[in-house]
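Listed below, chain by chain, are the residues.
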Amino acid sequence: MVNRRNLVLAMNHDMIRRFAFIEARLLWGGGLTAGELAKAFGIARQNAQRTIDAYRCRHPQQMEYDKHRKRQVRKTGFETNYVQSDVSRFLEYQRAATHTARFYDEPDWVDLPFTDADALVRRIYDRASVRAVLEALRRRAVVEIEYWSKAGTRVRRISPHRLIFADGRYHVRAFCHEDQVPLDFVLTRVVAAVPVDDPWVSDESDDDWHQRLDLGFAINPGLPDSARDSIRLDFITDGTDRLVIRGVRKALALYIRRRLCRSDWRFAMPLWVVVDDTR
């Protein structure tokens, strides 16, 4: 992939998005037509054709017109410049597009037929409280929250610096002014929130956020062979039973370990066990 920063400096954002759409369709959609590009961006077909011509001029070895299929298709040796070629990232993009369609209430936003079953089970949020927390996050400001925990409800002033999705829940990573430490707060447990004028504390002192770890896991040897083979097919490419996730923020390590090592109901045991050897 060419240097994306140089591409951004040389092009406007709208053209980059159109070029990214062209590459995504070439790579994952069997090619594209000017009509499809025009529909996706709400532009005239003539403008879409000019965009295709501009892409071909900038990247002449990327695509060609297939007369039989009546569409632009990728050439042998095609490489992406504006999107990632990783399969997982493309599937995540499709999931994100589905969520975007739900947000805008616009079904045509979705490129592929896609159903997100996890979205059918939705947590309950206090809208005004979440709005206040997210506004503080965006403005780098302090917010006072009433936060529920097993020990009871407590009022805290926090300086949020990051929104996190982990364990199927949204958290905000923030400096807690009462405990004087960075903590994670589950958004569903924020029952009230109001802005305050205290000085915002940045994430510079959040060592667990900035420190990175390599996490090692092994497929649980107690699982049946068929289950071990399935897990290996899903996650491991080198034929071993080891999975190493590199460069994980220390603050997020707990969520990854908890996700992989929780007991699986089918086997009454975890699918993975933690190992210290991450070579």
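Now for a look at the structure at hand. Source: prediction; values computed, not measured. (Residues numbered from 1 in each chain as written. Predicted model: local features only at pLDDT ≥ 70, side-chain atom pairs only at ≥ 80, totals over all residues. Heavy atoms only, no water.)

1. Quick notes on the overall build of the chain
Of the regular secondary structure elements, the chain holds nine helices and twelve strands. Considering only C-alpha atoms, the chain reaches an extent of 70 × 55 × 35 Å along its principal axes. Counting the 279 residues in the chain, one finds 36% classified as buried. Counting contacts in the chain only where the partners sit at least 6 residues apart, residues at least 24 apart contribute 55% of the total. Of the accessible surface of the chain, which amounts to about 18,000 Å², a share of 50% is contributed by carbon and sulfur atoms. (Helix = DSSP H or I, 4+ residues; strand = E, 2+ residues; numbered from the N terminus. Buried < 20%, exposed > 50% of the residue type's maximum accessible area, 1.4 Å probe, protein only. Contact = heavy atoms within 4.5 Å. Areas by Shrake-Rupley, 256 points an atom, 1.4 Å probe, with all protein chains shown as cover.)

2. Quick notes on the packing of aromatic side chains
Applying the stated criterion across every chain, the model contains ten aromatic pairs. Relative to Tyr-170, the ring of Phe-165 has its centre 4.7 Å away and its plane inclined at 55 degrees; by these criteria the two rings are tilted. By relative accessible area, which is 47% here, Phe-165 ends up partly exposed. The partly exposed category is assigned to Tyr-170, whose relative accessible area is 36%. One aromatic cluster is present, formed by Phe-19, Tyr-55 and Tyr-82 through successive ring pairs. (Phe/Tyr/Trp six-rings, centres within 6.5 Å; stacked < 30°, edge-to-face > 60°.)

3. So, the packing of helix H3 (residues 34–41) against helix H4 (residues 45–58)
As a packed pair, H3 and H4 sit with axes 8 Å apart at the nearest point and diverge in direction by 110 degrees. Taken together, H3 and H4 sit at an angle that is classed as roughly perpendicular. Note that H3 runs across H4; the crossing there is right-handed. For the pair H3 and H4, contact is made by Ala-34, Gly-35, Leu-37 and Ala-38 and by Arg-45, Ala-48, Gln-49, Thr-51 and Ile-52, respectively. For the contact of H3 with H4, the per-class residue count stands at five nonpolar, three polar and one charged. (Axes fitted to C-alpha atoms, helices over the stretch in contact; angles between N-to-C directions. Parallel < 35°, antiparallel > 145°, perpendicular 65-115°, else oblique. Left-handed = near helix turned anticlockwise from the far one by under 90°. Nonpolar A, V, L, I, M, F, W, Y, C, P; charged D, E, K, R; others polar.)

4. A few points about the pairing of strand S1 (residues 63–66)
Both S1 and strand S2 (residues 71–74) contribute to a ladder of four bridges, which runs antiparallel. Looking at the pairing, Asp-66 lines up with Arg-71 of S2. Between S1 and S2, which pair antiparallel one after the other, the connecting turn spans four residues, and Lys-70 there sits at a positive phi close to 55 degrees. (Pairing = 2+ DSSP bridges.)

5. A word on the pattern of salt bridges
Inspection of every chain in the model, using the stated rule, returns 22 salt bridges. Asp-241 is the salt-bridge partner of Arg-232, the closest N and O atoms lying 2.6 Å from each other. Each member of the pair, Arg-232 as well as Asp-241, is classed as buried. Among the charged side chains, a salt-bridge network with shared partners connects Arg-25, Glu-36, Arg-71 and Asp-111. (Salt bridge = Lys/Arg side-chain N within 4 Å of Asp/Glu carboxyl O.)

6. Things to note about the side chain of Arg-169
Inspection of the secondary structure puts Arg-169 in strand S5 (residues 169–176). Excluding residues that lie within four positions of it along the chain, Arg-169 makes contacts with Arg-123, Ile-164, Val-186, Arg-189 and Arg-258.

7. Points about the pairing of strand S3 (residues 142–147)
When S3 meets strand S7 (residues 190–196), the two strands line up antiparallel, connected through six bridges. Across the sheet, Val-143 pairs through a bridge with Pro-195, a residue of S7. Where S3 and strand S4 (residues 154–166) come together, five bridges link them in antiparallel fashion. Its bridge partner being in S4, Val-143 is matched across the sheet by Ile-158.

8. Section: the layout of surface pockets
Here the largest pocket is characterised by a volume of approximately 2,400 Å³. The element that contributes the greatest number of residues to the lining of the largest pocket is helix H5 (residues 87–104), accounting for nine residues. Empty space within the second largest pocket amounts to approximately 970 Å³. In terms of lining, the second largest pocket is formed by 28 residues, of which the most central are Phe-21, Ala-40, Phe-41, Tyr-93 and Trp-109. When residues of the lining of the second largest pocket are traced back to their parent elements, those giving at least two are helix H2 (13–28), H3 and H5. Among the elements that make up the lining of the second largest pocket, the one with the highest residue count is H2 (eight residues). Along the lines of polarity and charge, the residues of the lining of the second largest pocket split into 15 nonpolar, four polar and nine charged. (1 Å grid on protein atoms, 1.4 Å probe; cavity = no way out; pocket = protein on both sides within 12 Å on 5 of 7 lines; lining within 4 Å. Points joined across faces, edges and corners; volume = space filled by probe spheres on them.)

9. Focus: the sheet that holds strand S9 (residues 242–249)
If you walk across this open sheet you meet the three strands as S9-S8-S12, and the pairing is antiparallel. Each edge of the open sheet carries a strand with a single partner, namely S9 and strand S12 (272–275). Sheet twist, expressed as the average angle between the axes of neighbouring strands with direction ignored, equals 35 degrees. Judged from the six bridges that link them, strand S8 (residues 212–219) and S9 form a sheet pairing that is antiparallel. Note on S9: the bridge partner recorded for Phe-217 is Leu-243. Docked against the sheet, helix H8 (residues 225–235) engages S8, S9 and S12, running at close to 150 degrees with respect to S8.

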